[in-house]
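Residues per chain, in single letters:
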Amino acid sequence: MAQSKQAITAIRGMKDILPDEIGDWQQIEHTLKSILTGYGYQEVRLPILEKTALFSRGIGEVTDIIEKEMYTFQDRNAESLSLRPEGTAQCVRAMLEHGLIHNQSQKIWYSGPMFRYERPQKGRYRQFYQAGIESYGIKGPDIEAEQLLIIARFFKALGLEHNIKLQLNTLGCFSARMTYQKALVQYFNTRVDDLDEDSRRRLISNPLRILDSKNPQMQSLLAGAPNIVAYLSSESLMHFERLQKILLAADLEFEIEPRLVRGLDYYTETVFEWVTNALGAQGTVCAGGRYDGLVEQLGGKATPAVGCAIGIERTVALLALKKEASLVKSNLGSLAEVYCLFLNSEARLKALPLIEKVRDALPHIKLIADLAEGSVKSQFKRADKSGAKWAVIFGEDELKNNTLSLKNLREDKPQVMINQKDWVDFLVKNL
Ligand code: ATP
Ligand code: MG
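These figures come from a predicted structure and were not determined experimentally.

Participant: Would you mind going over the sheet that holds strand E11 (residues 305-311) with me for this structure?
Facilitator: Sheets are built from strands paired through backbone hydrogen bonds, the pairs being either parallel or antiparallel. In spatial order, the strands read E1-E5-E6-E11-E10-E9-E7-E8; together these 8 strands make up an open sheet with mixed pairing. Both outer strands of the open sheet, strand E1 (42-43) and strand E8 (255-256), are each paired with one neighbouring strand and no more. Pairing between E1 and strand E5 (residues 106-115): 2 bridges, direction parallel. In the sheet register, Glu43 faces E5, and the bridge partner there is Trp109. In this fold helix H4 (residues 88-97) packs onto E5 and strand E6 (127-136), with an angle of close to 50 degrees to the strand it touches most, E6.

Here it is, written out as structure tokens:
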């Protein structure tokens with residue numbers, strides 16, 4: 001007797017995206033691509049693996065990502081490589097490597113899978129997808145405003161504008177951030193007993209990140225911490241004020257959140273997050289900001305830069321919630337229009353070339369040929385389930401007489417028989 005073999009499953013935290021869900025993914029990708037193209041952003045496609053040093057140098061040694069979330073391994077040549085945990089450092093690497101950063105401005109976007117070894121839960125995976133936008137070479141806050149307007153347009157196009165809100169903060173320039181950091185350390189040092197374990201560790205490694213803690217027991221302590229505003233230079237204040245002015249004039253609502261710091265080291269000046277209450281603890285759907293120091297840190301000349309990344313799974317989850325609420329099926333965009341049924345295999349043989357001609361003439365319609373063996377009755381059932389408006393029947397008489405029969409699956413009307421040569425015309429008039 002053959003030994004039974006256990007099925008092999010996917011890796012924990014790495015999700016299969018199945019046909020039921022793919023309509024939402026495609027809608028998101030399509031929407032974003034058309035908006036970004038409209039704003040003159042250009043796509044890049046970059047590798048999934050990079051040298052580990054790119055991320056440790058780019059993101060910061062004492063960030064969560066580098067300390068505990070990276071998938072790092074040695075390749076066959078004993079070189080340390082990592083699956084990319086985010087796209088910004090990598091995009092800078094690529095732009096520098098190809099001479100596309102200095103003495104010019106650039107507007108770039110990318111999308112694809114990212115990898116972080118986190119505890120998997122709803123909205124948090126070990127392989128997840130981000131779409132990111134990055135701009136290089138533009139100093140003033142107008143570019144932050146442009147990116148925020150792009151993201152707002154994107155959420156609006158998906159009908160999600162009422163499900164999310166924009167939070168803004170500024171971290172000031174690097175030296176202001178350092179002075180502020182000292183003030184924070186002083187404050188938290190007098191209250192070490194109230195800090196949780198993570199925060200005590202951060203007090204030494206990355207004090208700013210304490211402000212990011214979601215621990216409810218620390219919230220009152222955090223509320224009493226010094227506010228960054230008092231430490232900002234007049235240039236930083238002007239930068240931040242001009243950004244707000246543009247957003248107000250463009251009717252883009254936002255909140256100032258003085259404790260918003262972001263988890264990565266490379267941010268300066270503006271930082272922002274789009275957040276929702278609908279997804280529990282995984283509430284940040286898009287995040288980003290200015291990172292003027294990163295290009296230099298990765299070996300280039302100091303270059304102003306701004307970017308952000310949208311979490312696609314969380315956007316899909318918001319879309320799904322919205323559709324649930326309005327009782328619209330999530331695969332509505334992928335419904336078929338025409339479904340062809342065949343009496344037997346000979347009928348299929350004769351009809352398939354004809355169907356190809358219809359595809360030539362009407363490339364945009366969704367036409368499904370039922371190629372599974374089965375009774376006409378079971379094919380009708382599948383036709384109905386496909387959402388198609390028309391079932392097209394190829395039976396014995398039809399093929400003998402060069403005709404075909406059409407049955408409207410959505411209205412109670414008698415079946416009609418037409419000449420095969422009139423099929424395209426019929427569909428043009430009746431779809
Ligand atoms: P969080 O605070 O939720 O861990 P983050 O600050 O680590 O987020 P970023 O590095 O700024 O996130 O990534 C940008 C966006 O990518 C996040 O706002 C989120 O939507 C998404 N994202 C980040 N990590 C994951 C993950 N493990 N699974 C799914 N989406 C994620
Ligand atoms: Mg994280």
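Participant: Just checking my understanding: could you explain the site of ligand 1 for this structure?
Facilitator: The full set close to ligand 1 counts 16 residues, and Arg116, Glu118, Arg124, Arg262 and Thr284 are the nearest of them. At a separation of 2.8 Å, an oxygen atom of ligand 1 approaches a polar side-chain atom of Arg116. In the model, an oxygen atom of ligand 1 is placed 2.8 Å from a nitrogen or oxygen of the Thr284 main chain. Broken down by secondary-structure element, the contributors of at least two residues to the shell around ligand 1 are E6, strand E10 (284-290) and E11. Among the elements that take part in the shell around ligand 1, E10 stands out by supplying 4 residues, more than any other. When its residues are assigned to classes, the shell around ligand 1 shows 7 nonpolar, 4 polar and 5 charged.

Participant: In this structure, what is going on with the sheet that holds strand E16 (residues 416-419)? I would like to understand it.
Facilitator: Pairing is mixed in the open sheet, where 5 strands are placed in the order E13-E12-E14-E15-E16. Each edge of the open sheet carries a strand with a single partner, namely strand E13 (367-369) and E16. When strand polarity is set aside, the average angle formed by the axes of neighbouring strands in this sheet is 25 degrees. Pairing of strand E12 (residues 338-342) with strand E14 (residues 390-394) involves 5 bridges; the strand directions are parallel. Across the sheet, residue Tyr339 finds its bridge partner in E14, namely Ala391. Against the sheet, helix H12 (residues 345-361) touches E12, E13, E14 and strand E15 (403-408), its axis set at about 160 degrees to E12. Across the sheet, helix H13 (residues 376-386) is in contact with E12, E13, E14 and E15; its angle to E12 comes to roughly 170 degrees.

Participant: Help me out: how do you make sense of the confidence of the model for the chain in this one?
Facilitator: For the chain, the mean per-residue pLDDT works out to 92, and 97% of the residues sit at or above 70. Between residues 328-333, whose pLDDT stays under 50, and residues either more than four places distant or in other chains, the model counts 4 contacts.

Participant: What am I meant to see in the nonpolar core here?
Facilitator: As a rule of thumb, soluble globular proteins bury nonpolar side chains together. Ranked by internal contacts, the top residues of the largest apolar core, which has 45 residues, are Val92, Tyr136, Phe188, Leu211 and Tyr291. Of all elements in the fold, only helix H2 (52-59), helix H3 (64-69), H4, E5, E6, helix H6 (174-189), helix H8 (219-223) and helix H10 (294-297) reach the threshold of two or more residues within this core. Excluding anything up to four places from it in sequence, Phe188 contacts Leu195, Leu203, Ile210, Leu211, Leu221, Leu222 and Ala225. One finds Trp109, Cys286, Val306 and Cys308 within the second-largest nonpolar core, a separate group that totals 39 residues.

Participant: How should I be thinking about the pattern of salt bridges in this particular structure?
Facilitator: Close approach of charged atoms allows side chains with opposite charge to pair. The full count for this structure, using the stated rule, is 25 salt bridges. Of the charged contacts in the structure, one is a salt bridge between Arg290 and Asp292, with a shortest N-O distance of 2.9 Å. Among the salt bridges present, the one from Arg359 reaches Glu356, with a minimum N-O distance of 3.2 Å. Taken as a pair, Arg359 and Glu356 lie in helix H12 at a separation of 3 residues, close to a single helical turn. Residue Arg359 is classed as partly exposed on the basis of its relative accessible area of 31%. The exposure class of Glu356 is partly exposed, given its relative accessible area of 44%. Several salt bridges converge on common partners, so that one network encompasses Asp64, Lys68, Arg202, Arg209, Asp212 and Lys214.

Participant: Looking at this structure, I do not really get the domain arrangement of the chain. What am I missing?
Facilitator: Often the size quoted for an interface is simply the accessible area lost on bringing the parts together. Assigned domains of the chain: these are domain 1 (19-173 + 233-325) and domain 2 (338-430). The centre of domain 1, based on its C-alpha atoms, is set 47 Å off from the matching centre of domain 2.

Participant: I keep staring at H13 and nothing clicks. Help me out?
Facilitator: Residues that lie three or four places apart on an α-helix share one face, since the helix turns once every 3.6 residues. Listing the buried residues of H13 in full gives Gln379, Ala383 and Ser386. An end-on view of H13 places all buried positions within 60 degrees of arc, on one side of the element. The exposed set on the far side of H13, more than 90 degrees from its buried face, consists of Lys377, Lys381 and Lys385. Looking at the buried residues of H13, the elements they touch are E12 and E13.

Participant: How should I be thinking about the packing of helix H5 (residues 142-157) against helix H9 (residues 234-249) in this particular structure?
Facilitator: To characterise two packed helices, one gives the angle between the axes of the helices and the distance between these axes. Here H5 crosses H9 at 40 degrees, and the two axes come no closer than 9 Å. Where H5 crosses over H9, the handedness of that crossing is right-handed. In this structure, H5 uses Asp142, Glu144, Ala145 and Leu148 to contact H9, whose residues at the interface are His239, Arg242, Leu243, Ile246 and Leu247. When grouped by side-chain class, the residues that make up the contact of H5 with H9 number 5 nonpolar, 1 polar and 3 charged.

Participant: Looking at this model, I keep getting lost on empty space enclosed by the protein. Mind explaining?
Facilitator: The method is simple in principle: a probe with the dimensions of a water molecule rolls over the atoms, and the space it marks as empty is what remains. Counted by the stated rule, this structure contains 1 cavity of 30 Å³ or more. Taken together, 11 residues form the lining of the largest cavity, with Arg177, Leu208, Val261, Arg262 and Leu264 sitting closest to its centre. A per-class count over the lining of the largest cavity returns 5 nonpolar, 2 polar and 4 charged.

Participant: Would you take a moment to explain H6 for this structure?
Facilitator: Relative to the 22 Å expected for 16 residues at 1.5 Å per residue, H6 spans 22 Å between its end C-alpha atoms, a close match to the ideal helical length. Looking at H6, one finds that the buried residues are Ala176, Arg177, Tyr180, Gln181, Ala183, Leu184, Tyr187 and Phe188. For H6, the angular spread of buried residues about the axis comes to 165 degrees, placing them on one side. Exposed positions of H6 whose direction lies more than 90 degrees from the buried face are Lys182 and Gln186. Summarising the contacts, the buried residues of H6 are in contact with helix H7 (197-205), H8 and strand E9 (268-275).

Cut-off values and rules
- Residues numbered from 1 in each chain as written.
- Chains lettered and ligands numbered in written order.
- Predicted model: local features only at pLDDT ≥ 70, side-chain atom pairs only at ≥ 80, totals over all residues.
- Heavy atoms only, no water.
- Pairing = 2+ DSSP bridges.
- Helix = DSSP H or I, 4+ residues; strand = E, 2+ residues; numbered from the N terminus.
- Contact = heavy atoms within 4.5 Å.
- Axes fitted to C-alpha atoms, helices over the stretch in contact; angles between N-to-C directions.
- Near = heavy atom within 4 Å.
- Polar contact = N/O pair within 3.5 Å; in protein donor to acceptor, adjacent residues only side chain to side chain.
- Nonpolar A, V, L, I, M, F, W, Y, C, P; charged D, E, K, R; others polar.
- pLDDT = per-residue confidence, 0-100.
- Core = buried A, V, L, I, M, F, W, Y, C linked by side-chain atoms within 4.5 Å.
- Buried < 20%, exposed > 50% of the residue type's maximum accessible area, 1.4 Å probe, protein only.
- Salt bridge = Lys/Arg side-chain N within 4 Å of Asp/Glu carboxyl O.
- Domains from an automatic or database assignment.
- Arc of directions from axis to C-beta.
- Left-handed = near helix turned anticlockwise from the far one by under 90°.
- 1 Å grid on protein atoms, 1.4 Å probe; cavity = no way out; pocket = protein on both sides within 12 Å on 5 of 7 lines; lining within 4 Å.
- Points joined across faces, edges and corners; volume = space filled by probe spheres on them.
- Expected span 1.5 Å × (residues − 1).

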